[in-house]
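Reading the structure
Below are the chains, spelled out letter by letter.
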Amino acid sequence: MEYLTALEIANKWNISSRMVAYYCENGRINGAVKKGKTWIIPVNSEKPVDKRYSKKKINIKENSELQGERQNINKTDIENITAIYRTSDIYKNLGLTREILRYYEEIGLINPKRNQDNQYREFDFFDISHLMAIDFYKKRGFRPLEIKELMKASKPEDYFVAMKQQIETIERNIQSLQDILSRLKATQKFCTYNVKHISEFMIKNLPLYSVQESMDAVSSFREYQDKVLTYLHLENEDILSNMVRTIAFDETGYKGSEMCIVKSATKKSEKHTAFLEDGKCLYTTIAADNDDNSIMDKMFSLAYKWAAEHKEAFRGVVYIFIRFIMLNDHKRNEFI
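Rules and cut-offs
- Residues numbered from 1 in each chain as written.
- Predicted model: local features only at pLDDT ≥ 70, side-chain atom pairs only at ≥ 80, totals over all residues.
- Heavy atoms only, no water.
- Salt bridge = Lys/Arg side-chain N within 4 Å of Asp/Glu carboxyl O.
- Helix = DSSP H or I, 4+ residues; strand = E, 2+ residues; numbered from the N terminus.
- Buried < 20%, exposed > 50% of the residue type's maximum accessible area, 1.4 Å probe, protein only.
- Pairing = 2+ DSSP bridges.
- Axes fitted to C-alpha atoms, helices over the stretch in contact; angles between N-to-C directions.
- Contact = heavy atoms within 4.5 Å.
- Polar contact = N/O pair within 3.5 Å; in protein donor to acceptor, adjacent residues only side chain to side chain.

On to the pattern of salt bridges. Tallied over the full model, the rule gives 14 salt bridges. Ionic pairing is found between Asp124 and Lys113, a salt bridge with its closest N-O pair at 3.1 Å. Residue Asp124 is found in the loop between β5 (121-122) and α6 (125-138), and its partner Lys113 is found in strand β4 (residues 113-114); the two are separated by 11 residues along the sequence. On the basis of relative accessibility, which here comes to 18%, the residue Asp124 falls in the buried class. Exposure remark for Lys113: the relative accessible area of 42% places this residue in the partly exposed category. Across the pair Glu149 and Lys152 runs a salt bridge whose closest N-O atoms are separated by 3.0 Å. Among the charged side chains, a network of salt bridges with common partners joins Glu105, Arg114 and Arg121.

Spelled out as structure tokens, the structure:
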């Protein structure tokens, strides 16, 4: 049997000698033999199929009616351009609903013609192309009324501006959703662990919080406009997560309480003159319903019992954060 070297086969098959060696090492060339550092291959061996590329190709059928004059290539489109379609055709072939089409027509985004005999809507292929163009911008985040405004644009630069504004809007929405996701994950994490370890004590580090405003109690509702809403971004911040009940105490009992509106802080600055005490704290989770007024007394006793057992001393302040809520018609359970 006549043989060729890997280099000779590579030249014959118009591939690299490294690829030939790869085929040989993986047993894809029948009869290939390694002599020293060189592979020799039977001269009549067939080139293996390169599996890195798909064998599937688009098979464009020849059509004798379209051959010849160049304009014949558009013959089918020219013939179809005069066709008239009913609303049911639009539903079936474009995947649009009756409500969407009616809304588009109501706001002037489309203006289909009416059959003179029965007043049914009729669509030609320009109308269909227009609906597909609307869908083009809808899938890029533009709402129907915004697309209608785009129709008034007279030059590409107007579209550039609209797309820039749309990108900025989407980026803001993405950030807002990321903030929501972060809060949701934090609540889920709290539920996964803390709800299963009610009234268990541990030592943790309390992060730094700046105090934006304070008021006497959570029930001081008439003060919310000035002392709560002023400091919140209501689109993505809830009230309860930013309100902390602070309580002063000593061995004899509680000395005073107020509600603080707080924000997470990374360091103390002159901009915010008041901060919650940060650092090492005794941490626990308790569950209480909205009718239970004895929970703080119970926690006071349990905390001092823990302190005595562990020979610890308190600074004399309690911070109560609401981290999870269960809702029903008559009672609200809070995990704090």
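Next comes the rest of the account.
Time to look at the sheet that holds strand β13 (residues 324-326). Taking strand neighbours across the sheet as the criterion, the 3 strands line up as β11-β14-β13 in an open arrangement whose pairing is antiparallel. The strands lining the two open edges of the sheet, one partner per strand, are β11 (287-289) and β13. Within this sheet the neighbouring strands show an average axis-to-axis angle of 20°, counted without direction. Across 3 bridges, β13 lies against strand β14 (residues 333-335) in antiparallel orientation.

Further remarks concern the environment of Phe300. Looking at where Phe300 falls in the secondary structure, it is placed in helix α10 (residues 295-310). Sequence spacing of Phe300 and Gly95 is 205 residues, and the spatial spacing of their C-alpha atoms is 64 Å. Here Phe300 is in contact with Phe249, Asp250, Glu251, Thr252, Gly253 and Tyr254, once residues within four sequence places are set aside.

This brings us to the side chain of Thr284. Looking at the secondary structure, you find Thr284 in the loop between β10 (279-283) and β11. In this structure Thr284 comes out as buried when scored by relative accessible area, which is 19%. In this structure the side chain of Thr284 is engaged in a polar contact, spanning 2.9 Å, whose partner is the backbone oxygen of Glu200. Beyond its immediate sequence surroundings of up to four residues, Thr284 is in contact with Ser199, Glu200, Phe201, Met299 and Ile336.

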